[in-house]
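# Summary of the model geometry
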Amino acid sequence: DLKWLQRDALVLARADGVVECHRADDVAAAPVCTSDVCGPATYVDCTTTHIATTHASGAIALWDASSLANDAEPLLQWAGHAHEAWIVAFDRSCPSCVWSGGDDGLLRLWDTRASGRKAAAVHARRHGRAECNSIEFSPAAEYLYATGGADNVVALWDERRPEHTLHAMEHH
């Protein structure tokens, strides 16, 4: 997976486990940061200050975007899912919170302000009947988001009422 970090860097989460950061003015050059401390990477998301990655082990890692260097260590690293973690996304209304989804079928919200080297689980909910591998936030309402999974269900959620879906669209 890959995402732009601001306008001047491209972050790659590679299947071989390496997380790389390349300067946009010379993406063919050697990366300014490489790290493989968390195992095979499956997804990456970025804000102006942080990078979050998910990994095949179920781990989630949070990186400081301003202090990237070779062999960088994540700020936080924690076991997010019992099986492979597929998606990570920063919460639009709370930049210190990240969402994750994985093969265990769970959609989880994490608060990265927790003390220690791992984030605190705020809540978890079951996406559907299979893994949760997609999340997208509404551009119109900060509390609405949609999730998708291998069960071909797209679920619409209201962050203010996390106990159930607003609507589920099957066969998508």
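What you see is a predicted model; the values in this text were computed from it and never measured. (Residues numbered from 1 in each chain as written. Predicted model: local features only at pLDDT ≥ 70, side-chain atom pairs only at ≥ 80, totals over all residues. Heavy atoms only, no water.)

Helix and strand content of the protein: 0 helices and 16 strands. In the protein, buried positions account for 47% of the 172 residues. (Helix = DSSP H or I, 4+ residues; strand = E, 2+ residues; numbered from the N terminus. Buried < 20%, exposed > 50% of the residue type's maximum accessible area, 1.4 Å probe, protein only.)

Let us look at the pattern of salt bridges. Counting across every chain of the model gives 4 salt bridges. We note a salt bridge from Asp1 to Lys3, for which the minimum N-O separation is 3.2 Å. Here Lys3 falls in the partly exposed class, since its relative accessible area comes to 23%. Linking Asp158 and Arg160 is a salt bridge whose minimum nitrogen-to-oxygen distance equals 2.8 Å. Given a relative accessible area of 3%, Asp158 falls into the buried group. Each of Asp158, Arg160 and Arg161 takes part in a single network of salt bridges with overlapping partners. (Salt bridge = Lys/Arg side-chain N within 4 Å of Asp/Glu carboxyl O.)

Spatially, the 4 strands line up as an open sheet ordered 13-14-15-16, and their pairing is antiparallel. Lying at the two open borders of the sheet, with one neighbouring strand each, are strand 13 (132–137) and strand 16 (167–170). The mean angle between the axes of side-by-side strands here comes to 20°, regardless of whether they run parallel or antiparallel. Examined bridge by bridge, strand 14 (residues 144–149) and strand 15 (residues 153–158) share 5 bridges and lie antiparallel to one another. Counterpart to Tyr145 in the pairing with strand 15 is Trp157. (Pairing = 2+ DSSP bridges. Axes fitted to C-alpha atoms, helices over the stretch in contact; angles between N-to-C directions.)

Turning next to the sheet that holds strand 8 (residues 76–79). If you walk across this open sheet you meet the 4 strands as 5-6-7-8, and the pairing is antiparallel. Each having just a single partner strand, strand 5 (41–46) and strand 8 make up the two edges of the open sheet. Neighbour-to-neighbour, the strand axes of the sheet open up by a mean angle of 15°, direction not taken into account. Pairing of strand 5 with strand 6 (residues 50–55), which is carried by 5 bridges, proceeds in the antiparallel orientation. Opposite Tyr43, over in strand 6, you have Thr54 as the bridge partner.

Across a regular strand the side chains alternate sides, sitting on one face of the sheet and then on the other. Most of strand 2 (residues 9–13) sits inside the fold, with 5 of its 5 residues counted as buried. Burial along strand 2 is two-sided: the face carrying Ala9, Val11 and Ala13 and the face carrying Leu10 and Leu12 are both buried. Relative to strand 2, strand 1 (residues 2–5) runs antiparallel, the two being bridged by 4 bridges. Within strand 2, the position partnered with Leu2 by the bridge is Leu12. Turn length for the strand 1-strand 2 hairpin, with the two strands adjacent in sequence and antiparallel, is 3 residues, and the turn residue Gln6 shows positive phi of about 55°. Once strand 2 ends, the chain turns through 5 residues before running back antiparallel as strand 3 (residues 19–23), passing Gly17 with a positive phi of about 100°.

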